[in-house]
Structures are given as C-alpha cells and as structure tokens.
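Reading the structure
Okay, here's what each chain looks like letter by letter:
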Amino acid sequence: MSDQFKVGSKVRITNAYPPGHIRTPFFLRGKEGLIIRHFGKYPNPERLAYGLNGLPKLNLYQVLFDMETTWRGDGSFAAKDTLTADIYETWLELV
Amino acid sequence: MTENSGPHGGHDHSHNDFQPDIKEPTENWEFLEIALRELLVDKGVLSAREIQDEIEAWEKKSPEKGAEIVAKAWVDEEFKVRLLEDANQTIREFGIEVEVLKMVALENTPELHHVVVCTLCSCYPRPILGVPPLWYKSKQYRSRVIREPRAVLQEFGTKLSDDTEIRVVDSTADCRYLVIPTRPVGTEKMTETELAKLITRDSMIGTAQARDPIGKRS
C-alpha cells in the first residue's frame with residue numbers, strides 16, 4: 001500500500017472528518033497537491049495519542065499545494081506562492 | 001486594626017507601576033498539569049529538582065546555536081549539502097543529538113523563500129533554536145501566515161518580490177524545520193563568527209531575512 005505514492009505523485013487529501021487526535025489540518029481536507037518528498041516511516045500519531053505503540057509505522061510525505069487553488073484566490077499571496085504540509089499515507093489518495 | 005495600620009495602610013504610591021503577577025490557575029488543563037506533576041513527584045517517578053533542571057536546560061537553549069550552524073552552511077558548501085540531506089546527522093557536529101524527530105533544513109534563495117509554521121500546535125526546532133517566541137504559538141500567526149503570508153511578512157518588516165515564491169511550510173508531523181536564510185550581499189569577506197551575528201531567530205523561521213553586513217535588518 002505504501003508503494004502507490006512517490007515523489008511526483010498527484011494526490012488528494014482525504015475529505016473525511018473522523019473524531020480523535022488527527023494531524024491532517026482541516027483546511028487541506030479534500031485539497032489536491034503534489035508529493036515533493038518522502039521522509040520515511042513514522043509511528044501513527046492517531047494511535048500514539050491514545051497510549052498505543054503507533055505500529056504499523058506509516059510513510060510520511062511532504063505535499064505541496066498551490067495557494068491560489070487551496071484558498072480559491074482569497075488571501076494575501078502572489079501567483080507563485082505555495083504551502084506544504086507533512087501528511088501520512090493513510091490520508092492520501094492518488095488523483 | 002485601623003485603616004492605616006495594616007501592611008497596606010498609610011502609603012500613597014500606585015500599585016499599577018508593578019508588573020502583574022502570574023495569574024492563578026483557572027483552566028482544566030492547568031489543574032491537570034499540576035495534578036500530574038505532583039503525582040510524578042509523590043510516586044518518585046521524577047523529583048521536583050529534576051523537573052526544574054529540565055525547564056532550566058530548555059530555557060538555556062538559544063537561537064545562537066542555529067546561527068552557528070547556518071553561518072557554517074554559508075561558508076562551507078559541502079557542509080550545507082550534508083545539512084540539507086541529513087540534518088540530524090550533520091548537527092551532531094555541533095553537539096546536538098536529536099532522536100525520534102526528523103530535523104530538516106530548508107535553503108532560502110532569491111527564487112524561493114520558506115517560512116515555517118505549525119498550524120496544529122507549536123512544533124518548532126527547539127533543539128536548535130530553543131523555546132519558540134510567543135507569537136509563533138499564537139492563533140493569529142498560525143491561522144494567518146498559511147493564508148496571507150505576504151501580509152504577515154510585511155508586518156514583520158519583510159517585503160519580498162512577487163517573483164520570489166513564498167512557500168509556507170506547515171510542520172504537521174515528525175519533521176522540525178530550520179530555514180537557512182539567503183546570505184546577504186556584501187558579506188563575502190566576513191568570517192563565520194561575524195556572519196553568525198547576522199543570522200537572527202526570525203530569519204531561521206523565515207519571517208525575516210538575515211541582517212545586512214552592517215547589522216541592519218533589511
């Protein structure tokens with residue numbers, strides 16, 4: 001399941017709102033971005049938060065988003081400006 | 001006891017001249033912290049002294065360590081490449097051991113300017129930069145820089161050309177980001193120690209540029 005994403009993959013952040021300790025920002029849910037870096041595997045924070053061991057570890061990626069699209073033009077940025085977030089594989093879908 | 005005989009009687013200066021005291025705890029999380037701390041001490045897991053020592057150790061860390069690292073990256077290309085590739089391994093040379101977290105260095109250039117935030121809480125490269133400034137943890141900074149970076153940077157006195165891509169880096173997970181600010185022009189002859197003085201905390205967060213060679217903020 002981890003091999004489906006690589007640097008250069010176009011992805012969408014899962015548009016879901018489950019309860020609990022989640023490290024995927026609300027403002028990025030359902031948004032499309034580009035994987036620019038793979039950091040390796042890290043314990044799952046959604047399990048660590050409840051005293052569990054966080055296994056199996058998850059692949060963690062840096063995902064790049066275009067400001068213009070993310071905010072639908074509403075903000076203070078220039079055309080080239082971008083933002084990134086670090087997202088675990090369980091929150092990514094290939095576009 | 002009459003009006004004028006108590007400890008506060010008979011004087012006429014204003015108490016408003018003094019800094020207000022730390023407020024009494026009122027929030028649930030504050031009581032939880034106190035309860036947990038007292039339990040850890042009562043049960044002998046940690047001593048009160050150990051807790052204080054840890055607080056002191058963290059408060060002693062300062063952005064000067066980060067400035068030394070960035071200054072070396074400015075003068076030593078090979079070091080910079082290693083820092084960008086594997087920051088955890090490279091900062092060991094400065095006596096900083098970081099396990100669990102992944103330290104990531106980001107290089108600012110005239111084309112690409114990184115600015116770091118943690119929109120979820122207050123993740124910060126503490127082993128390198130020490131305790132974060134209060135504004136870094138504020139809801140204002142966290143919610144605004146991600147959406148109006150140019151307005152926020154301008155409030156920090158930082159104006160960038162529209163030709164420069166501003167990339168807001170949200171540290172949402174296990175990575176802690178250190179920005180290597182662009183080396184100012186006119187600093188070619190400066191030593192590493194002199195250069196380190198130009199590298200401010202804010203320039204390593206990305207809300208500012210490094211100071212110019214005469215020490216002025218640009």
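Residues numbered from 1 in each chain as written. Chains lettered and ligands numbered in written order. Predicted model: local features only at pLDDT ≥ 70, side-chain atom pairs only at ≥ 80, totals over all residues. Heavy atoms only, no water.

1. Topic: the pairing of strand β2 (residues 32-42) of chain A
Residues and elements named next belong to chain A.
- By the bridge criterion, three bridges tie strand β1 (residues 10-13) to β2 in an arrangement that is antiparallel. Along β2, the bridge assignment pairs Arg12 with Glu32.
- Across seven bridges, β2 lies against strand β3 (residues 58-66) in antiparallel orientation. Across the sheet, Arg37 pairs through a bridge with Gln62, a residue of β3. (Pairing = 2+ DSSP bridges. Helix = DSSP H or I, 4+ residues; strand = E, 2+ residues; numbered from the N terminus.)

2. Brief notes about the layout of surface pockets
All names here are of chain B.
- Roughly 350 Å³ of volume is contained in the largest pocket.
- What lines the largest pocket is Glu33, Arg37, Ala48, Ile51, Gln52, Glu54, Ile55, Trp58, Glu59, Arg126, Val131 and Lys137.
- Of all the secondary-structure elements, those providing two or more residues to the lining of the largest pocket are α1 (28-42) and α2 (48-60).
- In terms of residues, the lining of the largest pocket owes the most to one element, α2, which gives seven residues.
- Among the residues forming the lining of the largest pocket, the class breakdown is five nonpolar, one polar and six charged.
- There are two domains that each give the lining of the largest pocket at least three residues, and those are domain 1 (24-59) and domain 2 (62-205). (1 Å grid on protein atoms, 1.4 Å probe; cavity = no way out; pocket = protein on both sides within 12 Å on 5 of 7 lines; lining within 4 Å. Points joined across faces, edges and corners; volume = space filled by probe spheres on them. Nonpolar A, V, L, I, M, F, W, Y, C, P; charged D, E, K, R; others polar. Domains from an automatic or database assignment.)

3. Quick notes on the packing of aromatic side chains
Residues and elements named next belong to chain B.
- Throughout the structure, instances matching the rule amount to 10 aromatic pairs over all chains.
- Look at Trp135 and Tyr141: their rings are 4.9 Å apart centre to centre, the planes differ by 75°, and that puts the pair in the edge-to-face class.
- Residue Tyr141 is classed as buried on the basis of its relative accessible area of 5%.
- Three or more aromatic residues joined by ring pairs make a cluster, and in this case those are Tyr124, Trp135, Tyr136, Tyr141 and Phe156.
- The ring of Trp58 carries Lys61 above its face, with NZ or CZ at 4.8 Å from the centroid.
- Between Lys72 and the ring centre of Phe79, over which it is positioned, the NZ or CZ distance is 5.3 Å. (Phe/Tyr/Trp six-rings, centres within 6.5 Å; stacked < 30°, edge-to-face > 60°. Buried < 20%, exposed > 50% of the residue type's maximum accessible area, 1.4 Å probe, protein only. Lys NZ or Arg CZ within 6 Å of the ring centre and 35° of its normal.)

4. Description of the domain arrangement of chain B
- In terms of domain boundaries, chain B breaks down into domain 1 (24-59) and domain 2 (62-205).
- Here the C-alpha centroids of domain 1 of chain B and domain 2 of chain B sit 31 Å apart.

5. Observations concerning the packing of helix α3 (residues 63-75) of chain B against helix α4 (residues 77-85) of chain B
Residues and elements named next belong to chain B.
- In the contact formed by α3 and α4, the axes pass within 5 Å of each other and the chain directions differ by 125°. On the basis of the axis angle, α3 is oblique to α4. As α3 packs across α4, the resulting crossing turns out to be left-handed. Two secondary-structure elements touch here, α3 through Ile69, Lys72, Ala73 and Val75 and α4 through Glu77, Phe79, Lys80 and Leu83.
- Here the residues of the contact of α3 with α4 sort into five nonpolar, no polar and three charged. (Axes fitted to C-alpha atoms, helices over the stretch in contact; angles between N-to-C directions. Parallel < 35°, antiparallel > 145°, perpendicular 65-115°, else oblique. Left-handed = near helix turned anticlockwise from the far one by under 90°. Contact = heavy atoms within 4.5 Å.)

6. Quick word on the interface of chain B and chain A
- Counting residues at the interface gives 30 residues for chain B and 25 residues for chain A.
- Both sides of the chain B and chain A interface together cover about 2,300 Å² of buried area, and 50% of this is carbon and sulfur.
- At the junction of chain B and chain A, the tally comes to two salt bridges.
- At the boundary of chain B and chain A, one finds 18 residue pairs in polar contact (both at pLDDT 80 or more).
- Sorting the residues of the side of chain B that touches chain A by element identifies β1 (102-107), α9 (149-155), β3 (165-170) and β4 (175-180) of chain B as the ones contributing at least two each.
- With six residues, the top contributor of residues to the side of chain B that touches chain A is β3 of chain B.
- With four bridges connecting them, strand β4 (residues 82-88) of chain A and β3 of chain B associate as parallel partners. Bridge pairing in β3 of chain B links Thr84 of chain A to Val169 of chain B. (Buried area = accessible area lost by both parts, 1.4 Å probe. Salt bridge = Lys/Arg side-chain N within 4 Å of Asp/Glu carboxyl O. Polar contact = N/O pair within 3.5 Å; in protein donor to acceptor, adjacent residues only side chain to side chain.)

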